[in-house]
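Examination of the molecular architecture
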Amino acid sequence: MQKYAKRAHYGAYVQDEWDLIRKIVSTLHSCLEVPVTAKFRKQFSTDRTVGLARLLEESGAQVICMHGRTRKQKGAKTGEADWEEIRIAREAVHVPFIANGSIRSLEDAEECLRITKADAVMSGEGLRRCPALFYSPSSLSDIDSPSSSSICWSVGKPFSEARNGHTRGIGYALEYLDLCGKYCTPLDVVKEHVHRMLLSDLTTPAATFKSFDTKRGRRHWAKGKEEEKTRSLLETHWDVREKMMDAHSVEEVHDLMGMLKGRVLTDTPPPPRPARHELQAEEEDGLDGSILFGEEEASCSNEGSEDELFSGDY
C-alpha cells in the first residue's frame, strides 16, 4: 500500500529524486547480467512523465512499465488510469514498454494496447480477483466439462453460467488452494488471496463494492446499506468468512471452499446473521478484517483504510 511506501521512502515516493533514480538504475545495469526493468507512475505534468521515462531508458532500463495514475490517485480518488499519458510516454522511448492501470478484463487489456501502443499490459488487483482475466471463452471452446482446473471449471459451459458467475471465484480459489498444498505458502497470504477471488461477482468485474473486512464495511452491512451488485460471497455467507479467519491450515480453507461451492450450486442459504447488537459487540472486541490478513489493527484504521486496502493497481 502507498502509505507504507511513503513511510519507508520507496517506490513512487522517490520519483522526485531523479539523480537517485539514475544512480540506482545505472548501477543495476552495470552490475547485473540480467535485464533491468523499471516501473514508474504518471507524473504531475506530461513533460515530467516523458522526462522520467527518458531518464529511465538513458540510465539503462531495458524494459519500462508505467502506471497511468499519479501517486495521489488512491482510495476514493483512485479514478481511471490515463492511457493517453501512457501513449505519450511510450512514444518517447525505444525500449519495450508495459502499460499498467484500469485493466479489469481481457477487453480492457486489448483496448489499452490499442490506445497506448504498448508492447504489453500489466494487471494487479484485477488479476488477483480474477486469475483467468486474460483468458477468453473462445480460447477454451474445446472444453466440454468441468475438471480439476479452475479455468476449465469456471469457464467451461456448465459452471460459467451458473449463479451469476459466483462459482467462478470458488473455482479459482480451489485451484489456488491445490497449488498452495503443493508449495509452501503462508496461511495469511492464502486467506487474503482467497478473499480477493471471492470479493465480487466476477461477471461484473468493473463493479464497485463495499468491503466486509473493515469496521466501516461491517457497519454498512449491519445497517443494510447495500449497493446493487456489490455483495460478495463472503459477505453473503458470513459464517464461512468467520471460519476462514479462524482456520489453521490450507486444508481447512479448502474444505470451507468446498462447502461454499455446495451451497452455491444447491442455492442453500447461509445461517441467520447475528443480531446487530452482537455485531457491535464483536467490533468492540476488535474483530475486523485485519485478522483475516494477519495485519496489525492499525492497518485498518485512521487513514481511510477501506479505500486504501482495496484500491490496488487495477
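Please read all numbers here as calculations on a predicted model, not as lab measurements.

**With respect to helix α5 (residues 106-116)**
Along α5, the residues that are buried comprise L106, A109, C112 and T116. Taken end-on, α5 shows its buried residues confined to a sector of 125 degrees, consistent with a single buried face. Seen from the buried face of α5, the exposed residues on the opposite side, beyond 90 degrees, are E107 and R114. Contacts from the buried residues of α5 go to α4 (83-91), β3 (97-100) and β4 (120-122). Immediately downstream of α5, the backbone of K117 shows phi near 65 degrees, a positive value.

**Some thoughts on the pairing of β3**
Where burial is concerned, the two faces of β3 agree: the one with F97 and A99 and the one with I98 and N100 are both buried. In terms of strand pairing, strand β2 (residues 63-67) meets β3 through four bridges, oriented parallel. Paired with I64 across the two strands is F97, which belongs to β3. Where β3 and β4 come together, three bridges link them in parallel fashion.

**Considering unusual backbone geometry**
The backbone of K117 shows a phi angle near 65 degrees, a positive value even though the residue is not glycine. Its place among the elements puts K117 in the loop between α5 and β4. For D267, which is not a glycine, the phi torsion comes out positive at approximately 55 degrees.

**Things to note about the sheet that holds β3**
Spatially, four strands are ordered β1-β2-β3-β4 in an open sheet, and the strand pairing comes out parallel. Where the open sheet ends on each side, the last strands, each with one partner, are β1 (37-41) and β4. Between one strand and the next, the sheet's axes are offset by a mean angle of 25 degrees, whatever the strand orientation. Strand contacts of α5: β3 and β4, with the helix running at about 125 degrees to β4, the strand carrying the most contacts.

**Considerations on the nonpolar core**
If you look at the biggest cluster of nonpolar residues, it comprises 50 residues, and the most contacted ones within it are L56, V194, L198 and M257. When residues of this core are assigned to their parent elements, the largest contribution, seven residues, is made by helix α9 (residues 166-182). Among all residues touching L198, those that are not within four sequence positions of it are G169, I170, S232, L233, L234, M257 and L260.

**A few points about a nonpolar patch on the surface**
The grouping of L20, I24, L28, L32 and V34 at the surface amounts to a nonpolar patch, some 390 Å² of accessible area in total. Along the chain, L28 turns up in helix α2 (residues 18-31). The class for L28 is partly exposed, based on a relative accessible area of 37%.

**Here's the deal with the pairing of β1**
In the sheet, β1 pairs with β2 via five bridges, with the strands oriented parallel. Looking at β2, one finds that T37 is bridged to V63. Of the crossover connections in this fold, the one passing from β1 over helix α3 (residues 46-59) to the parallel β2 is right-handed.

Analysis parameters
Residues numbered from 1 in each chain as written. Predicted model: local features only at pLDDT ≥ 70, side-chain atom pairs only at ≥ 80, totals over all residues. Heavy atoms only, no water. Buried < 20%, exposed > 50% of the residue type's maximum accessible area, 1.4 Å probe, protein only. Helix = DSSP H or I, 4+ residues; strand = E, 2+ residues; numbered from the N terminus. Arc of directions from axis to C-beta. Contact = heavy atoms within 4.5 Å. Pairing = 2+ DSSP bridges. Axes fitted to C-alpha atoms, helices over the stretch in contact; angles between N-to-C directions. Core = buried A, V, L, I, M, F, W, Y, C linked by side-chain atoms within 4.5 Å. Patch = residues over 30% accessible without salt bridge, like charges linked within 9 Å, V, L, I, M, F, W, Y side chains within 5 Å. Areas by Shrake-Rupley, 256 points an atom, 1.4 Å probe, with all protein chains shown as cover. Salt bridge = Lys/Arg side-chain N within 4 Å of Asp/Glu carboxyl O. Right-handed = clockwise from strand over helix to strand, strands pointing away.

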